Amino acid sequence: MQVRNSFKLALLKQMLLGFQLSAVSSNSMSVPERKNAIKLSADAAMVFARGSTRWTRGLVAGLSENSNNEDLLRGILGKKYERLSLPCRSSWKIPRSRKILKRCLGLCSRRKKATATQHDVKSGSTLARRLVKKRIQVLKKLLPGGESMAGFSLLDQTLDYAVSLKAQVDIMRRLLKISKASNLNK
């Protein structure tokens, strides 16, 4: 999956805007502050360039938890900040009764006990299912907003997020090369 040049250009423009707004080049910042400002600028620029998806909403929600980030996010995202900070309707979880959950878990555990006594061909498939479930849980934790996704949408959003992260890394590497070259010329 290739990244369009328009995406990279928008990412670069917003990243540089974020660097200006956060005053990354000022000498008054400590190294951890500068690192956080660069990361915040890069993430907000990626959200701006990508647009509205589930993972961008999750990323904005995560970045908005710190009240110090809000001004920079508003500066980089502009009008998109309000739209992206709203919760995604499909990410709301359905409230369930404790009785229903206990009943379901009790039935599931009885089924597991019944199937655990049978050691046939199905034991390999149950092991594979467990591995897949564990990997999906890890994937849900890695992807911003992934806790509310399931199945193919989780894989689709993960692929999109990975491609966007790769483009972000490419742009940051190019900026580093340009910065090193300009320091050598001085």
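Quick notes on the rules
- Residues numbered from 1 in each chain as written.
- Predicted model: local features only at pLDDT ≥ 70, side-chain atom pairs only at ≥ 80, totals over all residues.
- Heavy atoms only, no water.
- Helix = DSSP H or I, 4+ residues; strand = E, 2+ residues; numbered from the N terminus.
- Expected span 1.5 Å × (residues − 1).
- Buried < 20%, exposed > 50% of the residue type's maximum accessible area, 1.4 Å probe, protein only.
- Lys, Arg positive; Asp, Glu negative; His and termini not counted.
- Salt bridge = Lys/Arg side-chain N within 4 Å of Asp/Glu carboxyl O.
- Contact = heavy atoms within 4.5 Å.
- Core = buried A, V, L, I, M, F, W, Y, C linked by side-chain atoms within 4.5 Å.
- pLDDT = per-residue confidence, 0-100.
- Axes fitted to C-alpha atoms, helices over the stretch in contact; angles between N-to-C directions.
- Parallel < 35°, antiparallel > 145°, perpendicular 65-115°, else oblique.
- Left-handed = near helix turned anticlockwise from the far one by under 90°.
- Nonpolar A, V, L, I, M, F, W, Y, C, P; charged D, E, K, R; others polar.

The name that an unreviewed UniProt entry assigns to the protein is IBH1-like N-terminal domain-containing protein, with the source organism given as Ensete ventricosum.

A. Highlighting helix 2 (residues 31-50). An ideal rise of 1.5 Å per residue puts 28 Å on 20 residues; helix 2 measures up with 28 Å between its terminal C-alpha atoms. For helix 2, the full list of buried residues reads A37, L40, S41, A42, D43, A44, A45, M46, V47 and A49. Remark: G51 follows helix 2 within two positions and exhibits a positive phi of approximately 95 degrees.

B. Up close: the side chain of K8. Tracing the chain through its elements places K8 in helix 1 (residues 5-22). Of the buried charged residues, K8 lacks a salt bridge, with D170 as the closest side chain of opposite charge at 4.1 Å. In contact with K8, other than residues within four places in its own chain, are V3, A167, D170, I171 and R174.

C. Spotlight on the nonpolar core. Ranked by size, the top nonpolar core spans 30 residues in total, and within it L11, M15, L73 and L77 carry the most contacts. In terms of residue count, the dominant contributor to this core is helix 2 (eight residues). Setting aside residues no more than four positions away along its own chain, L77 makes contact with A44, V47, F48, V60 and L84.

D. Broad picture of the environment of T158. Looking at where T158 falls in the secondary structure, it is placed in helix 8 (residues 151-185). With twelve residues separating them along the chain, T158 and G146 place their C-alpha atoms 8.5 Å apart. Non-local contacts of T158, meaning those with residues more than four positions away in its chain, are made with L139 and L143.

E. Summary view of the pattern of salt bridges. According to the stated counting rule, one finds four salt bridges in the structure shown. Between K39 and D43 there is a salt bridge; the shortest N-O distance is 3.0 Å. Within this pair, K39 and its partner D43 are both found in helix 2, separated by four residues, close to a single helical turn.

F. Structural context of the confidence of the model for the protein. Confidence in the prediction of the protein, expressed as mean pLDDT, is 79, and 78% of residues score 70 or more. Element-level mean pLDDT values for the protein span from 58 in helix 6 (residues 98-117) up to 89 in helix 8. Taken together, the stretch residues 90-95 has pLDDT below 50 and engages in four contacts with residues farther than four places along the chain or on a different chain.

G. Layout of the environment of M15. Mapped onto the secondary structure, M15 falls in helix 1. C-alpha separation for the pair M15 and D43, spaced 28 residues apart in sequence, amounts to 8.4 Å. Once residues lying within four places of it in the same chain are set aside, the contact partners of M15 are S41, A42, A45, Q168, I171, M172 and L175.

H. Examining the packing of helix 2 against helix 8 more closely. The interhelical angle for the contact between helix 2 and helix 8, taken along N-to-C directions, is 125 degrees, at an axis separation of 11 Å. Regarding the angle of helix 2 to helix 8, the classification is oblique. For the pair helix 2 and helix 8, the crossing hand works out as right-handed. Taken together, the residues of helix 8 that come into contact with helix 2 (itself represented by I38, A42, D43, M46 and R50) are D160, Y161, S164, L165, Q168 and M172. In the contact of helix 2 with helix 8, the residues fall into six nonpolar, two polar and three charged.

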